[in-house]
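# Structural description and commentary
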Amino acid sequence: MKTSRRTPAADHSPTIHHTTQRPSKIRRSRRWIARRRTALLSSALRGAAYATGAGIIGLGFYVIQQQI
């Protein structure tokens, strides 16, 4: 016979009632960011890498131009 994983205390726990009020825009934004944090961080890292590479290339061309 299978035994239940539920404890006796779980049977008497209070239920959580959801309100019909919508969360604020700030709270919704925070939740959206929290769900997509890794995607946002990887995009930011990629953007920083592109900016660094473009800066190095630009600096290299500037140095070459000054030596000509």
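Looking now at the overall build of the chain. The secondary structure content of the chain amounts to three helices and zero strands. When its helices and strands are written in sequence order, the chain yields α-α-α. Total accessible area on the chain stands at roughly 7200 Å², and carbon and sulfur atoms take up 61% of it.

A few words on a positive patch on the surface. There is a patch of like positive charges on the surface, built from Arg27, Arg30, Arg31, Arg35 and Arg36. Locating Arg36 in the fold gives a position in the loop between helix H2 (25-35) and helix H3 (37-67). Given the relative accessible area of 33%, Arg36 is considered partly exposed.

Here the focus is a nonpolar patch on the surface. Residues Ile57, Phe61, Ile64 and Ile68 make up a contiguous nonpolar surface patch of roughly 500 Å² in combined accessible area. By the secondary structure assignment, Phe61 is in helix H3. Look at Phe61 and you get exposed, because its relative accessible area is 58%.

What follows concerns the confidence of the model for the chain. On average, residues of the chain carry a pLDDT of 83, and 72% of them reach 70 or more. Of all the helices and strands in the chain, helix H1 (residues 8-11) carries the lowest mean pLDDT, 56, while H3 carries the highest, 95.

Cut-offs used in this document
Residues numbered from 1 in each chain as written. Predicted model: local features only at pLDDT ≥ 70, side-chain atom pairs only at ≥ 80, totals over all residues. Heavy atoms only, no water. Helix = DSSP H or I, 4+ residues; strand = E, 2+ residues; numbered from the N terminus. Areas by Shrake-Rupley, 256 points an atom, 1.4 Å probe, with all protein chains shown as cover. Patch = residues over 30% accessible without salt bridge, like charges linked within 9 Å, V, L, I, M, F, W, Y side chains within 5 Å. Salt bridge = Lys/Arg side-chain N within 4 Å of Asp/Glu carboxyl O. Lys, Arg positive; Asp, Glu negative; His and termini not counted. Charge placed at Lys NZ, Arg CZ, Asp CG, Glu CD. Buried < 20%, exposed > 50% of the residue type's maximum accessible area, 1.4 Å probe, protein only. pLDDT = per-residue confidence, 0-100.

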